[in-house]
Amino acid sequence: MWGQKEEPELKEVFDQRRPSAVEAMNNTHRKSVSNRGLTGASALTVRQSIFPITLVTILFFLWGFAYGLLDVLNAKFQTALNITAAKAGGLQGAYFGAYFIGPLTYSGWIVRKFGYRWTFITGLVIYGIGALMFWPSAVYRSFGGFCGSLFIVGSGLSTLETSANPFIATCGPPRLSEFRLELSQSFQAIGSVMAPLLAARVFFSHTDPNDLSKVQWTYLGIAAFVFLLAVVFYFSPIPEVTDADMALQAEQCSGLTGYVDKPMRKQYKLMFGVAAQFCYVGAQVGVAANFINYAKESAKISDAAASDRYAIGQGLFAIGRFAAAGLMMVVKPRLVLLVFMTAIMIFIAAAIGVEGEGGVAMLSLVLFFESCIFPTIFTLSIRGLGRHTKRGSSWIVASVCGGALFPSLTGLLADSRDYHISMAVPLCGFFVAFAYPVYLNLFCRKELDGFRETKIGYEDSDGIIGDADRELRRASIMHEEKGIKANDHLEVRQVSSKMG
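Residues numbered from 1 in each chain as written. Predicted model: local features only at pLDDT ≥ 70, side-chain atom pairs only at ≥ 80, totals over all residues. Heavy atoms only, no water.

Peer 1: Where do I start with the overall build of the chain in this structure?
Peer 2: For the chain, the helix and strand inventory stands at 23 helices and two strands. In the chain, 83% of the contacts between residues at least 6 apart in sequence involve partners at least 24 apart. For the chain, the exposed surface amounts to about 20000 Å²; the carbon and sulfur share of it is 65%. (Helix = DSSP H or I, 4+ residues; strand = E, 2+ residues; numbered from the N terminus. Contact = heavy atoms within 4.5 Å. Areas by Shrake-Rupley, 256 points an atom, 1.4 Å probe, with all protein chains shown as cover.)

Peer 1: Just to check I follow, could you spell out the packing of helix α5 (residues 106-113) against helix α6 (residues 116-139) for this structure?
Peer 2: Packed helices, taken two at a time, are described by their axes: the angle between them and the distance between them. Orientation of α5 relative to α6, taken along the N-to-C sense of each, is 145°, at an axis distance of 7 Å. Classified by chirality, the crossing of α6 by α5 is right-handed. Contacts between α5 and α6 pair Y106, S107, I110 and V111 from the former with Y116, W118, T119, T122 and I126 from the latter. Considered class by class, the residues forming the contact of α5 with α6 number six nonpolar, three polar and no charged. (Axes fitted to C-alpha atoms, helices over the stretch in contact; angles between N-to-C directions. Left-handed = near helix turned anticlockwise from the far one by under 90°. Nonpolar A, V, L, I, M, F, W, Y, C, P; charged D, E, K, R; others polar.)

Peer 1: Would you explain the pattern of salt bridges in this entry?
Peer 2: Here the idea is simple: oppositely charged side chains can pair when their charged atoms come close. Summed over the entire model, instances satisfying the criterion amount to 15 salt bridges. Notably, a salt bridge pairs K11 with D15, separated by 2.9 Å at the nearest N-O pair. We classify K11 as exposed; its relative accessible area is 61%. Across the pair E357 and R309 runs a salt bridge whose closest N-O atoms are separated by 2.8 Å. Of the two residues, E357 sits in helix α15 (residues 357-370) while R309 sits in helix α13 (residues 303-327), which places them 48 residues apart along the sequence. On the accessibility criterion, R309 (23% relative accessible area) is partly exposed. Members of the salt-bridge network, linked through shared partners, are E9, D261 and R387. (Salt bridge = Lys/Arg side-chain N within 4 Å of Asp/Glu carboxyl O. Buried < 20%, exposed > 50% of the residue type's maximum accessible area, 1.4 Å probe, protein only.)

Peer 1: Please explain unusual backbone geometry as it appears in this structure.
Peer 2: Most of the time, phi is negative for any residue but glycine, and the peptide bond is trans. Even without a glycine there, the phi angle at R141 is positive, about 50°. Structurally, the position occupied by R141 is in the loop between α6 and α7 (143-170). Given a relative accessible area of 38%, R141 falls into the partly exposed group. Residues other than glycine seldom take positive phi values, yet K300 does so here, at roughly 55°. Relative to the assigned elements, K300 resides in the loop between α12 (268-299) and α13.

Peer 1: Got a minute to help me understand the nonpolar core in this structure?
Peer 2: Nonpolar side chains in soluble globular proteins generally cluster together in the buried interior. Counting residues in each nonpolar core, the largest one holds 118 residues, and the members touching the most others are L59, F233 and F430. For this core, the element with the most residues is helix α3 (residues 46-81), which contributes 13 residues. F430 has contacts with Y280, A283, Q284, V287, M341, I344, M345, I348, V366 and E370, leaving out every residue within four places of it along the chain. With six residues, the next largest nonpolar core counts L10, V13, A247 and L248 among its residues. (Core = buried A, V, L, I, M, F, W, Y, C linked by side-chain atoms within 4.5 Å.)

Peer 1: So what exactly am I meant to see when it comes to the environment of L405 here?
Peer 2: Topologically, L405 is positioned in the loop between α17 (389-398) and α18 (406-416). A C-alpha to C-alpha distance of 6.5 Å links L405 and G282, two positions 123 residues apart in sequence.

Peer 1: Which parts of the structure should I look at to understand the packing of α12 against α17?
Peer 2: Across the interface, α12 lies against α17 with an axial gap of 8 Å and an inter-helix angle of 25°. Accordingly, the angle class assigned to the pair α12 and α17 is roughly parallel. Two packed elements cross with a definite hand, and for α12 against α17 that hand is right-handed. Contacts from L270, V274 and Q277 in α12 reach G392, W395 and I396 in α17. Here the residues of the contact of α12 with α17 sort into four nonpolar, two polar and no charged. (Parallel < 35°, antiparallel > 145°, perpendicular 65-115°, else oblique.)

Peer 1: Looking at this structure, how should I read α15?
Peer 2: Residue pairs three or four apart in sequence face the same way in an α-helix, which turns once every 3.6 residues. Taking 1.5 Å as the rise per residue, α15 with 14 residues should run 20 Å; its terminal C-alpha atoms sit 20 Å apart, in good agreement. Restricting attention to buried positions, one finds in α15 the residues G359, V360, L363, S364, V366, L367, F368, F369 and E370. (Expected span 1.5 Å × (residues − 1).)

Peer 1: Quick question: what am I supposed to make of the side chain of K269 here?
Peer 2: Mapped onto the elements, K269 comes out in helix α12. With no salt bridge to any partner, buried K269 finds its closest opposite charge in E447, at an N-O distance of 4.1 Å. Among the polar contacts listed, one links the side chain of K269 to the backbone oxygen of L380, at a separation of 2.7 Å. Here the side chain of K269 touches S381 through a polar contact of 3.3 Å, landing on its backbone oxygen. When neighbours within four sequence positions are excluded, K269 is seen to be in contact with L380, S381, I382, R383, Y436, Y439, L440, C444 and E447. (Lys, Arg positive; Asp, Glu negative; His and termini not counted. Polar contact = N/O pair within 3.5 Å; in protein donor to acceptor, adjacent residues only side chain to side chain.)

Peer 1: Hey, could you run me through the environment of A404 in this one?
Peer 2: With respect to the helices and strands, the residue A404 is situated in the loop between α17 and α18. Accessibility expressed as a relative area gives 25% for A404, which makes it partly exposed. Taking C-alpha positions, A404 is 9.7 Å from A98, a pair spaced 306 residues apart along the chain. Non-local contacts of A404, meaning those with residues more than four positions away in its chain, are made with Q92, G93, F96 and G97.

Peer 1: How should the side chain of S184 be read in this particular structure?
Peer 2: Among the structural elements, S184 can be located in helix α8 (residues 177-203). Dropping the residues within four chain positions of it, S184 is found in contact with I53, T57, F60 and I168.

Peer 1: Would you mind showing me how to read the packing of aromatic side chains here?
Peer 2: The geometry of an aromatic ring pair is captured by the separation of the ring centres together with the interplanar angle, meaning the angle of the planes. Taken as a whole, this structure holds 27 aromatic pairs when the rule is applied. Note on F96 and Y99: the rings are 6.3 Å apart at their centroids and 35° apart in plane angle, and the pair reads as tilted. Placement of the pair is F96 and Y99 together in helix α4 (residues 85-101), with a separation of three residues, close to one helical turn. Each member of the pair, F96 as well as Y99, carries the same accessibility label: buried. Ring geometry for Y116 against F167: centres 5.3 Å apart, planes inclined by 75°, an arrangement best described as edge-to-face. (Phe/Tyr/Trp six-rings, centres within 6.5 Å; stacked < 30°, edge-to-face > 60°.)

Peer 1: Can you walk me through a nonpolar patch on the surface in this structure?
Peer 2: The grouping of F100, I101 and F151 at the surface amounts to a nonpolar patch, some 260 Å² of accessible area in total. Given the relative accessible area of 37%, I101 is considered partly exposed. (Patch = residues over 30% accessible without salt bridge, like charges linked within 9 Å, V, L, I, M, F, W, Y side chains within 5 Å.)

Set out below in structure tokens:
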């Protein structure tokens, strides 16, 4: 796997001088960062991490907005080019297929070789190029060009996810990892809700269905904004959290978690998480892609009314993310995941059997409880990976390619039977995902709860817990209490630094 040689060995981590969190924040403008070196970012406080977290959260809103807008723009292209339903499935394959290729190859390698900053910039540039490619695709009204443009956009977004998800999860106190990612991805959900509303009422109001000029200008505007954001990321202070930092943090938490360094082939929790994420994302996209047709069939309503029901479901999805983030401040994330997955199983089964508006309500509740699943599976899966954190994150992002498979299977069953029965396909995917929180709660409680209990990144009277400066200060006090003279303090500090 590309970039595997960029992962540090434990001995290599412990032989290095340990920088402080202050040094991590002061070295945010370096061109690239060795993934094998310590930066001091393993013990960042909430205050130190809030600006870079906020900046990266803008990315979540951006690709939530892009994803919501893509559905509308795709529909415009399908109408103008008379694209069949079968070809429309190819569009999903082009977009989600990029998620299979990028994280396992170039984007996974970039994040380990050059660090998060340059992966953000690379993803934004690829995304911008893909957006620009829609212009000639629209001019020549080319379906192949449209698929190629979607593939490039998907490549850019998958590269952004390869860096943004693990960055949010690891930048700051480890006990708040699930909360941070859940809250950041809540803004992604807001973007997904806003995009179709703006598209219908602003971008494409009072336009000829066969006129693609506004589609071209919309994508041009997206490209310009994305390139501008890439420049912002180049100049912004973004601390780098390396795999060496995560290895150190995992060792510091080992008393609570029982952490033991293992090779990648023995990271069974991660592998199960990848399978669960693949099936969950596929099921989620399968429900979303068929929601409007399901509503039309079940409640016997018009396209416009079914679209309104779907908008309500998307709103519930966004609300659910904020609700889950708040819940994770008081309830263990593994339990939140189990409760939400259980609710999904109940309501998707009800949606299969219930007709009318009741069935639409059941499917809308599925969207509400889907809200926290992706970010929670992600953070729980990379818990305790240590020096394998970035590679493991790439695997989980690659599992998003499940979205290329399940919608087609769901559509095939809908064609042969009906849309109620077709929800059995997402039900199967949700069942595999449901098994994951059951496994976590039965076999991984100590490890997950240990990370939840750690105080690394919090401050006490001696400084930041887990930070090198705090440990040196405490060591100095202990030596002074034993009678070491003030003149010997520098020597103590130098020896301690070498040992750290």
